[in-house]
Amino acid sequence: MPNIVVVGAGVSGLTSALLLSQNPAYKVTIVAKHMPGDYDIEYASPWAGANYLPVSDESNNRWEKGTWPELQRLAKYVPEAGIHFQRAEALCREKDFKSASGQGFKGLFSTNPWFKDVVPDFKVLPKETLPEGIDSATSFTSVCINTAVYLPYLVSQCLKNGATVHRAILNHISDAADLHHLGKADVIVNCTGLLASKLGGVMDKEVIPVRGQIVVVRNDPGVMLTVSGSDDAEDELIYTMKRAAGGGTILGGTYMKGNWEANPDPNQAIRIMKRAVAMCPALTNGSGRIEDLSIIRHGVGLRPYRESGVRIEKEKVGNTWVVHNYGHGGWGYQASYGCSEGVVELVKDVLASKSKL
Ligand code: FAD
């Protein structure tokens, strides 16, 4: 009966714990500083939109491709997960890909992306229907996740499978080995997001924040809209999405690499709202006035970005095997099941190698 400690209760830790706990042979303990219900700048998951807009290219699409079927199943058959379908439109301005930050999103705005055969209803929109300044656009069916419902749902599914949950702050990843509810851990799964940059035994300096400021409103955009960039600044974006089950509409945003600022900037908030009402007239019934937005709250989350990409690998730290799953940047939800399947494979490898000793 292998003992597994998952460190982290964001979408990466909880999805990893969920898939691991589906195996009755595994005894899973989740240990985390922050849990669903908390809003903290060190905890990215509650702040996410969160939707499925793939950003990988064909060569590294395993994590996102592997996640769509489960998000689709949850949206169709599991209303208590807080996920619904929404029509997405991705609007592309060629000039946005001249910047380094724009390059990272190129795949999403392609008119022939790998995911055209994965998501339903993929279409290239006719040029004559596009708003001024937009060079090309696609539409497809995506999902939007109400993180305030979905994260507790994941906890509830882990508990149902027999996992236990424990609050603790670790100074060193190896400390997790002593926090399993049944004894010494055989494997630790490290899902510490941005704090992987500061955790003893990991200290990954490639992990940096990408600051995302948002405004949550009661207005309905009618469509999940995302534009490849804005004229306000290279790191200022335009996107809207309505969360399932009364979660409000997220207006975004910013994509500020290396910026740790936790407080919303009021000027940025005004620019976010102005861009949203201009690009999505349905939000304010065509008035185009930000005064007609009904604001629920302003927020800031830090995407846990890793320069060379997500780290899904095993490593022996001291005497204990660690399986890493961190560094998902702005796509932790849309890759969550694919990445967690990768974790399950690595945990199996580790346990198989231990049993041979
Ligand atoms: P986190 O959610 O940060 O969780 C880390 C966990 O580790 C926490 O529980 C923390 O307490 C714990 N931890 C860390 N260090 C320690 C320690 N020393 N001891 C104990 N516990 C520790 N993604 C999408 O897929 N779609 C979207 O539409 C989307 N939109 C986004 C919009 C914004 C504004 C932002 C900020 C992000 C968005 N993302 C989106 C990205 C997504 O939110 C992240 O990729 C994802 O939440 C990362 O999850 P995580 O579990 O890896 O990290």
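Residues numbered from 1 in each chain as written. Predicted model: local features only at pLDDT ≥ 70, side-chain atom pairs only at ≥ 80, totals over all residues. Heavy atoms only, no water.

Let me state the cut-off plainly: UniProt positions are given in the numbering used here, feature names are shortened, and annotations may be inferred rather than shown by experiment.
Looking up the protein chain in an unreviewed UniProt entry gives the name FAD dependent oxidoreductase domain-containing protein, with the organism given as Coleophoma cylindrospora. In the Sequence similarities (unreviewed entry) part of its UniProt record, the protein chain is described as follows: "Belongs to the DAMOX/DASOX family." For the protein chain, the Cofactor (unreviewed entry) comment in UniProt is given as "FAD".

### Comments concerning the side chain of Gln-268
As a reminder, the rule being used: In this description a helix means any DSSP run of H or I spanning at least four residues, a strand means any run of E spanning at least two, and both kinds are numbered starting from the N terminus. Accessible area is worked out with a 1.4 Å probe on protein chains only. A residue is then buried under 20% of its type maximum, exposed over 50%, and partly exposed in between. We call two residues in contact when some of their heavy atoms are within 4.5 Å.
Along the chain, the position of Gln-268 falls in helix H6 (residues 266–279). Overall, the relative accessible area of 5% leaves Gln-268 in the buried class. Residues contacting Gln-268, with those up to four places away along its chain left out, are Arg-211, Gln-213, Glu-236, Thr-254 and Met-256.

### What to know about the site of the ligand
Applied cut-off: Whether a residue is near a molecule or strand depends on its heavy atoms: it is near if one of them lies within 4 Å of it. Polar contact criterion, stated in full: a pair of N or O atoms within 3.5 Å, where within protein one must be able to donate a hydrogen and the other to accept it, and residues adjacent in sequence count only if both atoms are side-chain atoms. For every accessible area listed, the method is Shrake-Rupley and the probe measures 1.4 Å; residues are considered covered only by the protein chains on display. These domain boundaries are the output of an automatic or database domain assignment.
Surrounding the ligand, one finds 39 residues, the nearest of these being Ser-12, His-34, Ser-45, Gly-329 and Gln-334. One nitrogen or oxygen atom from the main chain of Ala-44 is found 2.9 Å from an oxygen atom belonging to the ligand. Taking Tyr-333, its main chain carries an N or O atom lying 2.8 Å from an oxygen atom of the ligand. Against a free-state accessible area of 1,000 Å², the protein chains account for coverage of 97% of the ligand. Elements with a minimum of two residues in the shell around the ligand: helix H1 (11–21), strand S8 (207–217) and strand S13 (295–306). For the shell around the ligand, the element with the highest residue contribution is S13, accounting for four residues. For the shell around the ligand, the two domains that each supply at least three residues are domain 1 (3–46 + 149–205 + 308–355) and domain 2 (85–144 + 208–306).

### A closer look at H1
Burial of H1 is extensive: 11 of the 11 residues sit out of reach of the surface. Considered for burial, the residues of H1 that qualify are Val-11, Ser-12, Gly-13, Leu-14, Thr-15, Ser-16, Ala-17, Leu-18, Leu-19, Leu-20 and Ser-21.

### Comments concerning the nonpolar core
Spelled out, the test is: We call a set of buried Ala, Val, Leu, Ile, Met, Phe, Trp, Tyr and Cys residues a nonpolar core when their side-chain atoms join them within 4.5 Å.
One finds Leu-20, Ile-83, Tyr-150, Leu-154, Val-189 and Val-347 to be the most contacted residues of the largest nonpolar core, which totals 76 residues. Looking at which element gives the most residues to this core, the answer is helix H7 (residues 336–356), with eight residues. Residues within four places of Val-347 in sequence aside, it is in contact with Ile-4, Leu-20, Tyr-26, Val-187, Val-189 and Val-323. With 21 residues, the next largest nonpolar core counts Leu-130, Val-217, Val-227 and Met-273 among its residues.

### Regarding H6
Just so we agree on the cut-off: Multiplying 1.5 Å by the residue count of a helix minus one yields the expected span of that helix.
Between its terminal C-alpha atoms H6 stretches 20 Å, which fits the 20 Å expected from 14 residues at 1.5 Å a residue. Of all the residues in H6, the buried ones are Gln-268, Ala-269, Ile-272, Met-273, Arg-275, Ala-276 and Val-277. Those residues of H6 hidden inside the fold are in contact with S8, strand S10 (236–242), strand S11 (249–254), strand S12 (256–257) and S13.

### Examining the packing of aromatic side chains
Describing an aromatic ring pair means giving the distance of the ring centres and the angle of the ring planes. Basically, it comes down to this: Only Phe, Tyr and Trp rings take part, Trp by its six-membered ring, and two of them pair if their centres are within 6.5 Å. Stacked means planes under 30 degrees apart, edge-to-face means over 60, and tilted covers everything else. In this analysis the charged atom, NZ for Lys or CZ for Arg, is taken to sit over a ring once it is within 6 Å of the ring centre and within 35 degrees of the ring normal.
Per the counting criterion, the structure on display carries 10 aromatic pairs. Ring geometry for Tyr-39 and Trp-47: centres 5.0 Å apart, planes at 70 degrees, overall edge-to-face. According to the relative accessible area criterion, Trp-47 is buried, its value standing at 16%. On the basis of an interplanar angle of 75 degrees and a centroid distance of 5.1 Å, the ring pair of Phe-105 and Tyr-255 is categorised as edge-to-face. Taken together, the residues Phe-105 in the loop between helix H4 (100–103) and strand S4 (123–124) and Tyr-255 in the loop between S11 and S12 connect sequence positions 150 residues apart. A residue is classified by how much of its surface remains accessible, and Tyr-255, at 12% relative accessible area, is buried. Members of the aromatic cluster, joined through ring pairs, are Trp-114, Phe-115, Phe-122 and Phe-140. Over the aromatic face of Trp-260 sits the side chain of Lys-198, whose NZ or CZ is 4.4 Å from the ring centroid.

### Topic: the UniProt feature "binding site: FAD" (unreviewed entry) in the protein chain
Look at the UniProt record and you will see "binding site: FAD" (unreviewed entry) annotated at Thr-192. In this fold, Thr-192 is placed in the loop between strand S7 (187–190) and S8. Its relative accessible area of 17% is what places Thr-192 among the buried residues. With residues up to four places along the chain from it excluded, the contact list for Thr-192 reads Val-7, Leu-199 and Tyr-326. There is a polar contact of 2.7 Å between the side chain of Thr-192 and the side chain of Asn-190.

### Brief notes about the sheet that holds strand S2 (residues 27–32)
Going by this rule: When DSSP finds two or more bridges between two strands, those strands count as paired. Each axis is a line fitted through C-alpha atoms, taken for helices only over the stretch in contact, and angles between the N-to-C directions span 0 to 180 degrees.
Taking strand neighbours across the sheet as the criterion, the six strands line up as S6-S2-S1-S7-S15-S14 in an open arrangement whose pairing is mixed. A single partner strand is all that each edge strand has here, and the edge strands are strand S6 (164–167) and strand S14 (311–317). Sheet twist, expressed as the average angle between the axes of neighbouring strands with direction ignored, equals 20 degrees. Here H1 sits on the sheet and contacts strand S1 (3–7), S2, S7 and strand S15 (320–326); the angle it forms with S2, its principal contact strand, is near 170 degrees.

### Quick look at the state of the cysteines
In plain terms, the rule: Only a pair of cysteine sulfur atoms within 2.5 Å qualifies as a disulfide here.
As enumerated under the stated definition, the model contains zero disulfides in all. A disulfide-free cysteine, Cys-144 has its sulfur positioned 13 Å from the sulfur of Cys-280, the nearest such atom. By relative accessible area, which is 4% here, Cys-280 ends up buried.

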